[in-house]
Amino acid sequence: MATAKTARKKSPQRAPTRKAPARKQSAFDALIIGAGFSGLYQLYCLRDRLDLSALVLEAGDGVGGTWYWNRYPGARCDSESHSYCFTFDEKLYKEWQWSERYPGHAEVRRYLNHVADRFDLKRSIRFGTRVTAAHYDEAANRWQVTTEAGERLTAKFLITAVGCLSTANVPNIPGLDSFKGRWVHTGQWPHEGVDFTGKRVGLIGTGSTGIQATPVIAETAKHLTVFQRTPNYSVPARNVPLTAEFQRYVRENYPELARTMRRTPNGHAFVIEDRSVFDVTPEERQAIYEAAWEVGGLQFRAAFRDLLADKAANDTAADFIKSKIRQVVKDKATAEKLANIDHPYAAKRPPIDTDYFEAFNRDNVALVDVRADPIEAITATGIRTRSGTEYPLDIIVFATGFDAMTGPLLRMDIRGRDGLPLAEAWKAGPRNYLGLQVAGFPNLFTITGPGSPSVLCNMPVAIEQHVDWITGCIAHMRANRVERIEARPEAVERWVEQVNIAANATLLPQVPHSWYLGANIPGKPRVFMPYAGGMARFRAICDGVAARGYEGFALS
Ligand code: N01
């Protein structure tokens, strides 16, 4: 947490927080924090379907959420565009035409602005309004919300739509303050862009972000040094402009595509093959991997059903990708550093790329292995590693990820019954019911909170499921004159156990340096946060809970 706070204080790139619009109304049925995919859809559901008074509070000056902030070079969604969108409205789905297989960050923002305008949502959003605190007042059964500008608002329901990856992590490397050049975090990218022309750039981090940014920065920088701590797999994205034929196919097959996305474990519009790695001969397997490599993207994971369940099965995919890295990267020593991957394929979030490994064949790109020779300090003129090697730099790019899932919630001062801080309730890691509700925090809903599939799923699918459930729950409460809903502690206990069982049935918790476990943030409890049992199963569990009269919740 300290790291995230440091990031906020020091970063010169944060967009200025505009004073909240001077509007009179301060009491609402529902306050929603965040205007990304989840906040927009939740607002539409509560305001237009349930006719509640609802307001979205958004720190940025526009809609987009994660996509409002992440504008780094190469920022592009890893989900395919026809699945990275809302499906709740057939007309909306069919009228929007994506231009590429994967939408770039600007196109996602255009889409979300289109959604906001189409449903006239912006009049119910206060931009430039950062929520700093939310306290539950038991006597009034209302949430008291405070903004950075000192504004106070109240609501019966508080819904966080803050995203899972929205609190930038700038590592606490000694000397950053002394750096005379410029530094930027990819998740707080300046809207006017960064000009790398003629500059010596250092990029720290080789997760999905660093892997997307590397080849694009390399195109204009004088020189790019990539500081790699953990080597990573990546599969070619094979991004292409969408043909008119494919766009027509998407329009004509809306029901089937939406159904597939709801039924598959990861919420994508493709199906995981129902075969084991060991059902086929080594030759057949090689041919399957080659074909999947040509198709590219996250779909590579779907070549076999057991890649994430069985280490021996996973090894076959891992070896295949490592062999590809060695084929692509010409310099043998660099290829070995890149292919020296120590975790199972896709057990960390698997990146996909456009010419990432190819970038290391350029004369102006170098790779530094900071596991072998760790970064010791940032100096006035660059980065120094433990061996005493100095890397002179004009710009440092931190592609160092996020204080994921819990970070965006815990950076606000959220307090439940009897003033219990959320940070206290979660001091040993997040504990909630269905990723939705925390015991002791009545009428607070956390969209795609820890304990839900969220980041293991194509996000809009996970978001629509949670928002639909919350909307149904609030409708049920109104119909039955229920004023308060709260997760029961015993239901939380059982759910936490379910989350652990689901994770332990996979290879996912076995990676010690994964942000799924909070391992990237010093001091953060090591708890596997997302629900790994699959979106379809999760949906059935949530539907069952509602059908049984909101089993596990106390309604009063
Ligand atoms: O962040 P990460 P990300 N010294 O945490 C390294 C989503 N996403 O922004 O692995 C040196 O994955 C760190 O090293 P290590 C997606 O869900 C989506 O790349 O901790 N290195 C790692 O290499 C993704 O998973 C899309 O050893 C340090 C890197 O920084 C998530 O966002 C695009 C360091 C951080 O990788 C996060 O991805 C991009 C230090 N002190 C991202 N500290 C789309 O779909 C950290 N690192 C569009």
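Before reading further, recall that the structure is shown in the block above.
Computed from a prediction, not measured in an experiment: that's the story for all the values here.

Trainee: For the site of the ligand, give the residues involved together with the corresponding values.
Mentor: Surrounding the ligand, one finds 24 residues, the nearest of these being Arg76, Thr209, Arg229, Thr230 and Lys348. Serine 208 is positioned with one of its backbone polar atoms (N or O) 3.1 Å from an oxygen atom of the ligand. For the ligand, an oxygen atom lies 3.0 Å from a polar atom in the side chain of tryptophan 515. Against a free-state accessible area of 910 Å², the protein chains account for coverage of 89% of the ligand. Residue classes in the shell around the ligand are distributed as nine nonpolar, nine polar and six charged.

Trainee: Give a description of the state of the cysteines that names residues and reports values.
Mentor: Covalently bonding the sulfur atom of one cysteine to the sulfur atom of another cysteine gives a disulfide. Inspection of the entire model under this criterion finds zero disulfides. Note on cysteine 473: no disulfide assigned, nearest cysteine sulfur contributed by cysteine 542 at a separation of 11 Å. Under the relative-accessibility criterion, cysteine 473 is labelled buried at 1%.

Trainee: So what's going on with the packing of aromatic side chains? Residues and values would help.
Mentor: All chains considered together, the criterion is met by 40 aromatic pairs. Between phenylalanine 86 and tyrosine 111, the aromatic rings sit 6.3 Å apart at their centres with planes inclined by 35°, giving tilted as the arrangement. Within this pair, whereas phenylalanine 86 is found in the loop between helix H3 (66-69) and helix H4 (90-95), its partner tyrosine 111 is found in helix H5 (residues 105-118), the two being separated by 25 residues in sequence. Here phenylalanine 86 matches tyrosine 111 in class, with each residue buried. Between tyrosine 136 and tryptophan 143, the ring centres sit 5.4 Å apart and the planes meet at 45°, which makes this aromatic pair tilted. The burial state of tyrosine 136 is the same as that of tryptophan 143; both residues are buried. Among the aromatic side chains, those forming a connected cluster through ring pairs are Phe37, Tyr41, Tyr44, Trp67, Tyr84, Phe86, Phe88, Trp96, Trp98, Tyr111 and Phe119. A cation sits over an aromatic face here: arginine 71 above tyrosine 68, 5.0 Å from the ring centre.

Trainee: Can you explain the pattern of salt bridges? Please cite residues and give values.
Mentor: Under the counting rule described, the total for this entry stands at 26 salt bridges. Residue arginine 200 pairs with aspartate 394 through a salt bridge whose shortest N-O separation is 2.9 Å. Of this pair, arginine 200 sits in strand S8 (residues 200-204) while aspartate 394 is found in the loop between strand S15 (390-392) and strand S16 (395-398), placing the two residues 194 residues apart along the sequence. Exposure remark for aspartate 394: the relative accessible area of 24% places this residue in the partly exposed category. Close ionic contact of aspartate 274 with arginine 305 constitutes a salt bridge, the shortest N to O distance being 3.2 Å. Separated by 31 residues along the polypeptide, aspartate 274 in the loop between helix H8 (254-263) and helix H9 (282-295) and arginine 305 in the loop between H9 and helix H10 (311-328) bring together distant segments of the chain. Assessed through its relative accessible area of 66%, aspartate 274 is described here as exposed. Look at arginine 305 and you get partly exposed, because its relative accessible area is 46%. Connected through salt bridges with shared partners, the residues Glu138, Arg417, Arg484 and Glu486 form a single ionic network.

Trainee: Give me the sheet that holds S15: which residues, what numbers.
Mentor: Sheet architecture is open: three strands sit in the order S13-S14-S15, paired in antiparallel fashion. Pairing within the sheet leaves two strands with one partner each, and these edge strands are strand S13 (375-378) and S15. Ignoring strand direction, the axes of neighbouring strands in this sheet form an average angle of 20°. Bridging between strand S14 (residues 382-385) and S15 involves three bridges; their strand directions are antiparallel. Across the sheet, glycine 382 pairs through a bridge with proline 392, a residue of S15.

Trainee: Quick one: what's the story with the sheet that holds S16, residue by residue and with numbers?
Mentor: Strand order in this open sheet of five strands is S7-S16-S8-S9-S12, and the pairing throughout is parallel. Strands with a single pairing partner mark the edges of an open sheet, and in this sheet they are strand S7 (182-185) and strand S12 (365-369). Each neighbouring strand pair of the sheet contributes to a mean axis angle of 20°, computed without reference to strand direction. Both S8 and strand S9 (residues 223-228) contribute to a ladder of five bridges, which runs parallel. Across the sheet, the residue bridging to glycine 202 is threonine 225, located in S9. This element, helix H11 (residues 332-339), spans S9 and S12 of the sheet and lies at about 55° to S12.

Trainee: I'd like to hear about the nonpolar core, residue by residue, with values.
Mentor: The biggest cluster of nonpolar side chains holds 87 residues, and the ones touching the most others in it are Tyr111 and Trp469. The biggest single contributor to this core is helix H15 (residues 459-479), with ten residues. Setting aside anything within four residues of it in sequence, one finds tryptophan 469 in contact with Leu436, Phe445, Cys542, Asp543, Val545, Ala546, Tyr550 and Phe553. Among the nonpolar cores identified, the runner-up in size contains 48 residues, and Val329, Ile341, Phe357 and Phe360 belong to it.

Rules used throughout
- Residues numbered from 1 in each chain as written.
- Predicted model: local features only at pLDDT ≥ 70, side-chain atom pairs only at ≥ 80, totals over all residues.
- Heavy atoms only, no water.
- Near = heavy atom within 4 Å.
- Polar contact = N/O pair within 3.5 Å; in protein donor to acceptor, adjacent residues only side chain to side chain.
- Areas by Shrake-Rupley, 256 points an atom, 1.4 Å probe, with all protein chains shown as cover.
- Nonpolar A, V, L, I, M, F, W, Y, C, P; charged D, E, K, R; others polar.
- Disulfide = S-S within 2.5 Å.
- Buried < 20%, exposed > 50% of the residue type's maximum accessible area, 1.4 Å probe, protein only.
- Phe/Tyr/Trp six-rings, centres within 6.5 Å; stacked < 30°, edge-to-face > 60°.
- Helix = DSSP H or I, 4+ residues; strand = E, 2+ residues; numbered from the N terminus.
- Lys NZ or Arg CZ within 6 Å of the ring centre and 35° of its normal.
- Salt bridge = Lys/Arg side-chain N within 4 Å of Asp/Glu carboxyl O.
- Pairing = 2+ DSSP bridges.
- Axes fitted to C-alpha atoms, helices over the stretch in contact; angles between N-to-C directions.
- Contact = heavy atoms within 4.5 Å.
- Core = buried A, V, L, I, M, F, W, Y, C linked by side-chain atoms within 4.5 Å.

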